[in-house]
Amino acid sequence: SNRFSVRVNEVVVPTKATTTTAIIPNPEEESTTQIRKQRQKESLQPYFPSIAEHITVSHGEKAILKCEVENLRNYKVSWVRVSTQQLLTIHNNDISINPRISLSRPGEFKWYLHMKNVQESDRGWYMCQINTDPMVYRSGYLEVVVPPKIIQRGPTDMVVREGENVTLACDANGYPPPHIVWRREDGDDIVIQGKKINIIERAQLRLEKISRLNMGDYLCVASNGIPPSASNRFSVRVQFPPMFWIPSQLEAVYLGQDVTIECHSEAFPKSINYWVNNKGAMLFSNDKYEAVSVDSGYKVFMKLHIRNVTKKDFMEYRCVAKNSLGHSDGSITLYEDDVDIDEEDEEDADHSHI
């Protein structure tokens with residue numbers, strides 16, 4: 001014989017072969033589950049769903065520190081500057097006396113701290129805190145980077161005597177601390193104690209027993225990875241009296257020939273250069289002579305072109321250079337070649353028949 005069996009929340013339905021159990025919801029038990037879940041939710045403390053945020057901004061730009069809170073309920077959120085323990089905001093209100101700081105609420109669970117025109121003094125830790133007991137918080141670091149700036153404390157245009165010692169100083173600030181290198185503006189190597197170096201990495205450039213080879217413009221360049229880099233130009237001028245280098249002091253020429261004699265001078269300050277004959281008379285460009293000078297920095301290339309040489313032109317010629325530190329000269333003697341041109345041509349012809 002078959003019997004019906006009744007239990008709470010389930011009914012057993014008899015059949016000839018099997019027995020099937022059907023689940024029937026119990027309103028009382030459902031209500032208990034909902035109450036339990038609600039109590040669990042209420043027992044949860046507020047928490048931060050995302051990790052701490054560290055941001056880096058350049059000096060003068062805008063920074064935003066973000067804070068998100070879940071399950072806040074009736075608690076309040078505040079922003080605090082850690083180093084000074086200064087309250088910046090309380091929940092929805094700005095309380096900072098700094099006009100560059102403000103608060104925004106882009107969402108129900110979001111508190112964003114804004115800082116415009118960021119300064120180096122703003123660098124540090126900031127805390128987003130909830131007034132639970134004990135307090136819970138999340139901290140973020142604001143890094144402020146500053147491009148290099150060169151601090152000039154001395155002259156940039158220097159005039160020194162040859163043989164003196166000179167120090168060029170290049171101080172720079174910025175964050176991270178800048179790296180300083182020196183190079184010549186013209187791309188040539190820097191001569192230090194006889195050695196040629198293209199780039200020197202240090203804050204000061206010391207030129208000992210300076211020579212005319214050190215004359216030029218120098219650049220110090222400060223960089224720290226934050227654009228733009230900074231640079232400063234130093235002009236170094238080395239004073240010395242004139243000196244000459246003469247390629248050939250004796251020149252053999254033929255009558256009727258045109259000839260050019262040459263002198264190379266060096267001087268600084270810039271020298272006055274001219275030619276004189278053996279009687280001390282200055283030679284100017286005319287039908288007989290052409291005097292040409294080509295300047296290149298502290299060097300001068302002097303040329304005197306003499307047309308249609310006669311016996312009167314066989315003499316000593318002097319190139320002269322003068323500046324405020326002294327003067328110098330060099331001599332070139334013109335003499336007649338004792339081999340006649342026609343005889344030389346005949347000798348060449350005789351040799352060609354041998």
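Right above here is the structure, for reference.
To keep things clear, this report deals only with the structure shown in the data block. Not measured: the values here are computed from a predicted model.

The next point concerns the packing of aromatic side chains. Inspection of every chain in the model, using the stated rule, returns three aromatic pairs. Centroid distance W125 to Y141: 5.1 Å. Interplanar angle 70°. Geometry classified as edge-to-face. With W125 in strand 11 (residues 124-130) and Y141 in strand 12 (residues 136-151), this residue pair connects regions lying 16 residues apart in the sequence. Under the relative-accessibility criterion, W125 is labelled partly exposed at 39%. With 5.3 Å between their ring centres and 55° between their planes, W182 and F234 make a pair best called tilted. Taken as a pair, W182 in strand 16 (residues 179-184) and F234 in strand 21 (residues 230-245) lie far apart in primary sequence, 52 residues in all. Using a relative accessible area of 0% as the deciding quantity, one classes W182 as buried. Between the NZ or CZ atom of R105 and the centre of the ring of W111, over which it lies, the distance is 3.9 Å.

As a further point, take the sheet that holds strand 29 (residues 326-336). Within the open sheet, the five strands sit side by side as 22-29-28-24-25. Their pairing is mixed. The sheet is open, and its two borders are formed by strand 22 (250-253) and strand 25 (282-283), each paired with just one other strand. In this sheet, strand 28 (residues 316-323) lies alongside strand 24 (residues 272-276) in antiparallel orientation, the contact comprising five bridges. When the bridges of strand 28 are listed, Y274 appears paired with V320.

Let us look at the state of the cysteines. Using the criterion set out here, one finds three disulfides in the structure. Through a disulfide, C263 is tied to C319; the S-S separation comes to 2.0 Å. What sets the handedness of the C263 and C319 disulfide is the S-S torsion sign, and at about -75° it is left-handed. One end of the pair, C263, is in strand 23 (residues 259-268); the other, C319, is in strand 28, with 56 residues separating them in the sequence. C263 gets classed as buried once you look at its relative accessible area, which sits at 0%.

Counted under the stated rule, the structure contains 14 salt bridges. With its nearest N and O atoms 2.7 Å apart, the salt bridge here joins D329 to R318. Taken together, the residues span a long stretch of sequence, with D329 in strand 29 and R318 in strand 28 at a distance of 11 residues.

With that settled, consider the pairing of strand 5 (residues 63-68). On strand 5, burial follows the alternation: A63, L65 and C67 on one face are buried, whereas I64, K66 and E68 on the facing-out side are not. Sheet topology places strand 5 next to strand 10 (residues 110-115); six bridges connect them, and they run antiparallel. When the bridges of strand 10 are listed, C67 appears paired with W111.

Taken in spatial order, the three strands line up as 5-10-9 in an open sheet, and their pairing is antiparallel. Strands at the two margins of the open sheet, each flanked by one partner only, are strand 5 and strand 9 (101-104). Each strand of the sheet is rotated relative to its neighbour by a mean of 20°, with strand direction disregarded.

Moving on, we come to the pairing of strand 28. Note: strand 28 against strand 29, eight bridges, orientation antiparallel. Following the sheet pairing, A321 is matched in strand 29 by S328. As consecutive antiparallel partners, strand 28 and strand 29 are separated by two residues.

Turning next to unusual backbone geometry. Keep in mind that most residues, glycine aside, have a negative phi and that most peptide bonds are trans. The omega torsion of the bond from D133 to P134 falls at 5°, within 30 degrees of zero and hence cis. Secondary-structure assignment places P134 in the loop between strand 11 and strand 12. Cis geometry is adopted by the peptide bond preceding P269, which originates at F268 and carries an omega value of 5°. By the secondary structure assignment, P269 is in the loop between strand 23 and strand 24. One non-glycine residue, H91, lies in the positive phi region at around 55°. With respect to the helices and strands, the residue H91 is situated in the loop between strand 7 (86-90) and strand 8 (93-94). For H91, a relative accessible area of 16% corresponds to the buried category. Positive phi, close to 50°, is recorded for N117, a residue that is not glycine. Relative to the assigned elements, N117 resides in the loop between strand 10 and strand 11. Judged by its relative accessible area of 40%, N117 is partly exposed.

Cut-off values and rules
- Residues numbered from 1 in each chain as written.
- Predicted model: local features only at pLDDT ≥ 70, side-chain atom pairs only at ≥ 80, totals over all residues.
- Heavy atoms only, no water.
- Phe/Tyr/Trp six-rings, centres within 6.5 Å; stacked < 30°, edge-to-face > 60°.
- Helix = DSSP H or I, 4+ residues; strand = E, 2+ residues; numbered from the N terminus.
- Buried < 20%, exposed > 50% of the residue type's maximum accessible area, 1.4 Å probe, protein only.
- Lys NZ or Arg CZ within 6 Å of the ring centre and 35° of its normal.
- Pairing = 2+ DSSP bridges.
- Disulfide = S-S within 2.5 Å.
- Salt bridge = Lys/Arg side-chain N within 4 Å of Asp/Glu carboxyl O.
- Axes fitted to C-alpha atoms, helices over the stretch in contact; angles between N-to-C directions.

Read these as layout, nothing more, since geometry by itself doesn't imply function.
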